[in-house]
There are 2 protein chains.
Amino acid sequence: MRRSNAIRYALEQYTSYRVPNIQCAQSLWYTQSTNNSFAVWRRRVHNSAALAQKRPERVQLSSERFPQLKRGDFARVSDRDLQVFERLVPSRVLTEPDDIEGHNVDWSGTCRGDGQVLLRPKTTEEVSAILRYCNGRRLAVVPQGGNTGLVGGSVPVFDEVIISLSLMDKIISLDEISGVLVCQAGCVVDKINGALEPHGLMTPHILGSKGSCQIGGNISTNAGGLRMLRYGNLHGNVLGLEAVLANGDVLDCLSSLRKDNTGYDLKQLFIGSEGSLGVVTAASVLCPRIPGAVIVALLGCDSFAQVLQTYDAAKTMLQEILSAVEFMDRASMEVVQENLQLTCPLGAHRYYLLVETSGSNAAHDEEKLNSLLGYVMENGIVGDGTVATEPSKVQALWALRENVAVALRRDGCVYKYDVTVPMSRFYDLVVDTRERVGTDVTRVVGYGHLGESDIHLNVTCPQHSDQIFDALEPWVYDWVAKCKGSVSAEHGMGILKRDYLYHSNTGPAVLLMKQLKKLMDPKGILNPYKIFPD
Amino acid sequence: MRRSNAIRYALEQYTSYRVPNIQCAQSLWYTQSTNNSFAVWRRRVHNSAALAQKRPERVQLSSERFPQLKRGDFARVSDRDLQVFERLVPSRVLTEPDDIEGHNVDWSGTCRGDGQVLLRPKTTEEVSAILRYCNGRRLAVVPQGGNTGLVGGSVPVFDEVIISLSLMDKIISLDEISGVLVCQAGCVVDKINGALEPHGLMTPHILGSKGSCQIGGNISTNAGGLRMLRYGNLHGNVLGLEAVLANGDVLDCLSSLRKDNTGYDLKQLFIGSEGSLGVVTAASVLCPRIPGAVIVALLGCDSFAQVLQTYDAAKTMLQEILSAVEFMDRASMEVVQENLQLTCPLGAHRYYLLVETSGSNAAHDEEKLNSLLGYVMENGIVGDGTVATEPSKVQALWALRENVAVALRRDGCVYKYDVTVPMSRFYDLVVDTRERVGTDVTRVVGYGHLGESDIHLNVTCPQHSDQIFDALEPWVYDWVAKCKGSVSAEHGMGILKRDYLYHSNTGPAVLLMKQLKKLMDPKGILNPYKIFPD
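Cut-offs and rules
- Residues numbered from 1 in each chain as written.
- Chains lettered and ligands numbered in written order.
- Predicted model: local features only at pLDDT ≥ 70, side-chain atom pairs only at ≥ 80, totals over all residues.
- Heavy atoms only, no water.
- Helix = DSSP H or I, 4+ residues; strand = E, 2+ residues; numbered from the N terminus.
- Buried < 20%, exposed > 50% of the residue type's maximum accessible area, 1.4 Å probe, protein only.
- Contact = heavy atoms within 4.5 Å.
- Areas by Shrake-Rupley, 256 points an atom, 1.4 Å probe, with all protein chains shown as cover.
- Buried area = accessible area lost by both parts, 1.4 Å probe.
- Salt bridge = Lys/Arg side-chain N within 4 Å of Asp/Glu carboxyl O.
- Least-squares fit on C-alpha atoms with pLDDT ≥ 70 in both.
- Expected span 1.5 Å × (residues − 1).
- Polar contact = N/O pair within 3.5 Å; in protein donor to acceptor, adjacent residues only side chain to side chain.
- Pairing = 2+ DSSP bridges.
- Axes fitted to C-alpha atoms, helices over the stretch in contact; angles between N-to-C directions.
- Parallel < 35°, antiparallel > 145°, perpendicular 65-115°, else oblique.
- Left-handed = near helix turned anticlockwise from the far one by under 90°.
- Nonpolar A, V, L, I, M, F, W, Y, C, P; charged D, E, K, R; others polar.

Peer 1: I would appreciate a short explanation of the overall build of chain A in the present structure.
Peer 2: Within chain A, the regular secondary structure consists of 18 helices and 18 strands. The proportion of buried residues among the 534 residues of chain A is 64%. Sequence-distant contacts, at least 24 apart, represent 76% of the contacts inside chain A between residues at least 6 apart. Carbon and sulfur atoms make up 48% of the accessible area of chain A, which amounts to about 18800 Å² in all.

Structure (structure tokens):
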């Protein structure tokens with residue numbers, strides 16, 4: 001294949017690119033030899049330091065921040081209740097404020113509940129006993145996984161009883177041949193991948209928070225993550241679920257079968273319903289093989305039409321090996337350069353695409369990627385590009401994309417919007433936002449998962465400004481609704497987005513959701529105040 | 001790569017294999033050049049002759065066959081109702097018995113309803129008006145797509161009003177870049193693929209009945225089909241749905257977004273619920289690119305352990321290009337040889353595997369497949385094998401697998417069971433069935449989709465025998481239930497399997513299903529008598 005001279009083809013020879021030793025999210029790639037002769041498996045390890053729970057000194061109580069919220073008609077936890085809890089989960093009833101503090105505040109430090117008791121069940125039977133009792137007493141509860149959500153969905157709003165799934169972290173079974181893993185809901189994704197790796201398997205989803213997020217929470221929020229372009233969403237990959245209903249009944253749909261069409265697929269109800277219809281206690285997940293080779297290309301484009309042409313070419317020419325198409329605009333690239341002193345190996349372009357392939361044969365994948373690069377360069381679709389196959393180089397390219405969020409924080413205050421829009425409108429939201437907020441802000445950046453049409457719109461300024469906030473909300477959500485986008489690409493509605501449920505759903509749809517909630521949790525004890533506007 | 005001499009490597013040179021011109025399901029592969037320089041697209045065309053609706057002379061009425069069934073407390077269609085229907089869907093109200101006959105009898109000729117009226121709406125609004133009226137009048141209805149199901153789910157049991165979706169066959173939109181197709185529910189899968197092909201796209205699922213089955217019916221039964229190993233199920237690939245509820249309300253969840261986590265994912269309720277919760281009227285489907293190359297290998301193994309080793313090796317070494325792993329036992333191969341005079345290019349083996357790859361680069365895929373073949377041959381896992389890349393040869397190998405069902409019919413009477421079991425027990429069902437029925441039958445064969453652990457157990461004899469039937473049912477379903485399998489891998493429960501719903505579901509799960517049914521269809525007018533045992 002003839003390659004344009006314009007492309008700086010890096011592969012192993014590419015050495016000029018450095019990543020400063022920054023104190024932020026880091027990625028580490030390493031190659032591990034195994035006794036399996038088929039493939040060399042590589043594992044991507046995110047250092048979850050950036051997701052460690054750094055709390056602001058004192059987060060305002062949600063009940064104060066949202067004064068329009070009224071506490072529901074629930075009982076308050078009494079001494080008698082505590083005695084019962086102690087009997088149900090001996091020595092795993094926490095009431096000391098210091099022990100509970102971290103479970104009352106969400107990861108982003110935006111929401112703070114006033115929960116007085118934290119329960120740590122180890123078994124499904126214990127969860128069942130807790131819910132049966134709470135339902136009988138009309139005590140509200142909030143199920144909590146790794147508490148890494150960004151919409152305040154996993155912490156109390158008032159004094160809900162917190163049910164932490166963290167001690168339910170057992171891997172129940174793994175079928176190496178079918179690739180089906182069965183585990184308790186509290187298993188941290190990193191731990192699961194650690195157990196899968198010796199068998200050449202990995203979870204079908206991976207997230208920045210994988211060092212602390214739990215599979216039950218992932219399922220309850222239908223987390224997509226970085227592998228979704230390749231492996232699809234959890235509605236397709238979760239084969240079975242066990243959930244405890246509000247009344248304590250255990251719903252055992254823990255099938256490990258890829259095909260099962262016997263009656264309604266009840267497990268789907270719990271995927272993405274944010275713990276409001278039941279508490280997920282175990283799951284059966286279809287796990288793919290770890291790819292033998294991962295290659296990354298960073299490409300620069302000078303029009304959004306070229307971005308879409310590149311994406312289309314990548315989908316067609318890389319097909320089965322394409323595993324990510326990530327997008328950054330120039331402002332995103334500038335912020336990692338200015339605030340974190342990262343170096344971009346390409347010249348200045350309006351847009352950048354990070355294209356990743358994952359396959360079983362490195363030579364084949366390189367050849368396919370070379371064909372793509374030749375095509376986009378020769379046709380003037382891409383102005384500049386670089387490719388990395390060696391793990392540290394791959395990591396260096398990913399670091400540019402993954403550190404945008406960290407870099408933005410250094411601007412001061414960040415207004416963040418994670419939404420999906422039709423691909424043809426993907427970047428229009430950023431353009432229109434810039435026009436709306438004018439020069440009052442430090443910057444407006446757009447980056448995200450192009451493959452899923454998931455744009456992260458971020459607006460920064462030195463400190464919070466009511467004027468800027470009011471210019472952004474609900475304008476951004478209105479904009480998204482007008483083009484039939486989704487106001488929540490990830491994380492669900494929680495407390496922070498509940499007022500915008502109708503922006504992405506029709507009236508009859510919300511009505512049916514409410515009917516389902518009423519049917520399955522008639523007393524409304526499961527994660528109240530979330531999802532639905534008053 | 002060193003290749004064992006034992007393998008007869010066919011590729012284009014393989015010429016000794018002939019397929020007789022049999023009057024049965026045929027496949028035709030052809031290569032089509034396009035003006036897209038990225039890939040050569042190939043399309044697989046199934047001749048649906050085998051699925052043409054050949055009815056027995058007179059199928060017994062289901063109400064007579066199942067005398068324990070009692071007609072529900074529904075109104076009967078009156079002249080006044082017919083006048084209203086005529087107003088709602090002018091000139092599309094059929095009442096002549098000859099016009100309705102084909103819609104009263106299911107494809108397999110097993111079930112026969114006594115529907116007196118067939119309605120043919122063209123729009124969602126018409127479906128809405130029909131259901132609103134029927135719900136008000138308490139008239140039972142059965143939604144009907146291509147009527148290709150095998151459990152009697154798409155035909156009336158008594159005199160339900162038949163709502164045929166066949167005229168709702170419009171393709172609404174196609175986004176070439178994202179690959180998202182939006183269409184009405186009555187679109188036949190073949191028609192959809194015809195529209196997708198010029199854009200280099202195809203449906204994520206494909207079925208033997210694709211010449212007549214409709215996307216709405218596929219969704220309502222969560223059809224898996226031949227591409228499921230590669231592209232996953234419809235729960236993952238359907239991005240949005242429009243459905244009309246029992247009361248006529250239109251539920252518009254017709255999102256085209258890959259990520260949307262705003263409230264409960266209501267569309268999942270309609271996937272696989274057999275039209276009992278609402279009538280699917282339109283869908284948004286994520287469509288993959290047509291692969292540039294398809295290669296097939298037929299391999300012979302002499303123990304089931306070797307079958308599993310081969311499957312494991314294929315999953316590991318072919319990873320991203322693996323698109324099918326189909327299984328046949330020796331009896332399956334014998335029946336296509338004896339009854340259809342097909343020729344198997346391999347010698348006699350206890351088991352056969354058909355391994356298909358679909359990728360974007362033929363040379364790469366051949367190399368990967370060669371590596372696999374080298375590994376399994378050199379390690380004595382596979383005794384014999386042949387590979388085909390040329391379309392007619394690929395088709396010839398597939399013909400062996402696809403004609404098993406047709407060949408079995410020539411034995412006379414066939415008892416068919418399509419179930420999923422854990423992969424480790426995949427073939428045990430066949431072994432145990434042989435032991436149970438002894439020598440009273442012509443043959444017991446096992447074939448199916450190994451990749452999804454979906455085994456087709458078939459028992460043949462010259463004519464129906466109560467003794468054999470009683471030996472098989474409910475014994476087969478009990479066997480499946482004991483090993484936590486699914487009594488319905490495909491097609492759902494319909495009327496034929498409803499008595500076995502508890503075999504694959506717990507009591508609390510069935511209770512919740514019934515509650516959902518009651519909530520969404522309080523008068524029970526939607527496809528009554530199906531799914532749930534009395």
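Structure shown, so let's carry the discussion forward.
Peer 1: I keep staring at the interface of chain A and chain B and nothing clicks. Help me out?
Peer 2: Frequently, the measure chosen for interface size is the accessible area that the parts lose on association. Listed as interface residues are 88 residues of chain A and, on the opposing side, 89 residues of chain B. Ranking the residues of chain A by area buried against chain B places Arg258, Lys259 and Tyr264 of chain A at the top, with a combined share of 14%. The residue Asp454 of chain B makes a salt bridge to Lys259 of chain A at a minimum N-O spacing of 2.9 Å. Looking at the side of chain A that touches chain B, the elements that each hand over two or more residues are helix H7 (228-231), helix H8 (234-237), strand S10 (250-253), helix H9 (267-270), helix H10 (304-318), helix H12 (362-378) and helix H18 (507-520) of chain A.

Peer 1: In this structure, what is going on with the relation of the copies chain A and chain B? I would like to understand it.
Peer 2: These two copies of the chain differ by a rotation about an axis and a displacement along the same axis. Note on the copies: chain A fits chain B at an RMSD of 0.0 Å, the axial shift is 0.0 Å, and the rotation between them is 180 degrees. The operation mapping one copy onto its partner corresponds to a two-fold rotation axis. In terms of proximity to the rotation axis, the leading residue of chain A is Gly236 of chain A, whose C-alpha is 2.1 Å off the axis. When the interface residues of chain A are mapped onto chain B, 100% of them are again interface residues, pointing to one common binding face.

Peer 1: I keep staring at unusual backbone geometry and nothing clicks. Help me out?
Peer 2: Most peptide bonds are trans, and most residues other than glycine sit at a negative phi. Cis peptide bonds are those with omega within 30 degrees of zero, and the linkage from Glu473 of chain A to Pro474 of chain A qualifies with 5 degrees. Structurally, the position occupied by Pro474 of chain A is in the loop between helix H16 (466-472) and helix H17 (475-482). Residue Arg138 of chain B is not a glycine yet carries a positive backbone phi of 55 degrees. The residue Asn222 of chain B is not glycine, and still its phi comes out positive at about 50 degrees. Structurally, Asn222 of chain B can be placed in the loop between helix H6 (215-220) and helix H7 (228-231).

Peer 1: What is the right way to read helix H12 (residues 362-378) of chain B from this model?
Peer 2: At 3.6 residues per turn, the α-helix brings residues three or four places apart onto the same side. With 17 residues, H12 of chain B should cover 24 Å at 1.5 Å per step; its first-to-last C-alpha distance of 24 Å lies within 8% of that length. For H12 of chain B, the elements touching its buried residues are H12 of chain A together with strand S12 (293-301), helix H10 (304-318), strand S14 (351-359) and strand S15 (384-388) of chain B. Where H12 of chain B begins, the capping side chain belongs to Asn361 of chain B, and its oxygen is found 3.1 Å from the backbone nitrogen of Ala363 of chain B. Backbone geometry just after H12 of chain B places Gly380 of chain B at a positive phi near 70 degrees.

Peer 1: Would you mind showing me how to read the pairing of strand S16 (residues 413-420) of chain A here?
Peer 2: On a regular strand, one side chain projects to one face of the sheet and the next to the other, so that they alternate. All names here are of chain A. The buried count for S16 comes to six of eight residues, which makes it a mostly enclosed element. Where S16 lies against strand S18 (residues 454-461), eight bridges are found, and the strand directions are antiparallel. Opposite Cys413, over in S18, you have Cys461 as the bridge partner.

Peer 1: How should I be thinking about the sheet that holds strand S18 (residues 454-461) of chain B in this particular structure?
Peer 2: Pairing between the strands of a sheet is mediated by backbone hydrogen bonds and can be parallel or antiparallel. Residue and element names in this part refer to chain B. With antiparallel pairing, seven strands are arranged side by side in an open sheet as S15-S12-S14-S13-S17-S18-S16. Every interior strand has two partners, whereas the edge strands, S15 and strand S16 (413-420), have only one. Ignoring strand direction, the axes of neighbouring strands in this sheet form an average angle of 15 degrees. As defined by bridge partners, S12 adjoins S14 across nine bridges and the pair is classed as antiparallel. Within S14, the residue paired with Ile295 across the bridge is Thr357.

Peer 1: Explain the packing of H18 of chain A against helix H18 (residues 507-520) of chain B here, please?
Peer 2: Between two packed helices, what matters for the description is the angle formed by their axes and the separation of those axes. Their axes nearest at 11 Å, the elements H18 of chain A and H18 of chain B cross at an angle of 140 degrees. Judged by the angle between their axes, H18 of chain A and H18 of chain B are oblique. For H18 of chain A against H18 of chain B, the interelement crossing comes out right-handed. Residues Leu512, Gln515, Leu516, Leu519 and Met520 of chain A of H18 of chain A lie in contact with H18 of chain B, whose contacting residues are Leu512, Gln515, Leu516, Leu519 and Met520 of chain B. When its residues are assigned to classes, the contact of H18 of chain A with H18 of chain B shows eight nonpolar, two polar and no charged.

Peer 1: What am I meant to see in the environment of Gly240 of chain A here?
Peer 2: All names here are of chain A. Tracing the backbone through its elements, the reader meets Gly240 in strand S9 (residues 238-244). For Gly240, a relative accessible area of 0% translates into the label buried. Separated by 58 residues in sequence, Gly240 and Val182 have C-alpha atoms that sit 8.5 Å apart. Non-local contacts of Gly240, meaning those with residues more than four positions away in its chain, are made with Cys253, Leu254, Ser255, Lys267, Ala282, Ala283 and Ser284.

Peer 1: Explanation requested: the environment of Tyr427 of chain A in the structure shown.
Peer 2: Residue and element names in this part refer to chain A. Among the structural elements, Tyr427 can be located in the loop between S16 and helix H15 (428-437). Counting along the chain gives 20 residues from Tyr427 to Tyr447, while the straight-line C-alpha distance between them is 9.0 Å. The contact partners of Tyr427, leaving out residues within four places of it in the chain, are Phe304, Phe327, Asp329, Tyr351 and Arg434. Reaching out from Tyr427, the side chain makes a polar contact with the side chain of Arg434 at a distance of 3.1 Å.

Peer 1: Would you mind going over the pattern of salt bridges with me for this structure?
Peer 2: When the charged atoms of two side chains lie near each other, side chains of opposite charge can form a pair. Overall, the coordinates contain 47 salt bridges over all chains when judged by the stated rule. Across the salt bridge formed by Glu101 of chain A and Arg112 of chain A, the nearest N and O atoms sit 3.7 Å from each other. Here Glu101 of chain A is found in helix H3 (residues 97-104), whereas its partner Arg112 of chain A is found in the loop between H3 and strand S4 (118-119), with eleven residues between them in sequence. Owing to a relative accessible area of 8%, Arg112 of chain A belongs among the buried residues under this scheme. The salt bridge partner of Arg289 of chain A is Asp312 of chain B, with a shortest N-O separation of 2.9 Å. Remark: Asp312 of chain B occurs in helix H10 and Arg289 of chain A occurs in the loop between strand S11 (279-286) and strand S12 (293-301); the pair is interchain, linking two chains. Residues joined by salt bridges that share partners form a network here, namely Lys259 of chain A together with Glu452, Asp454 and Glu490 of chain B.

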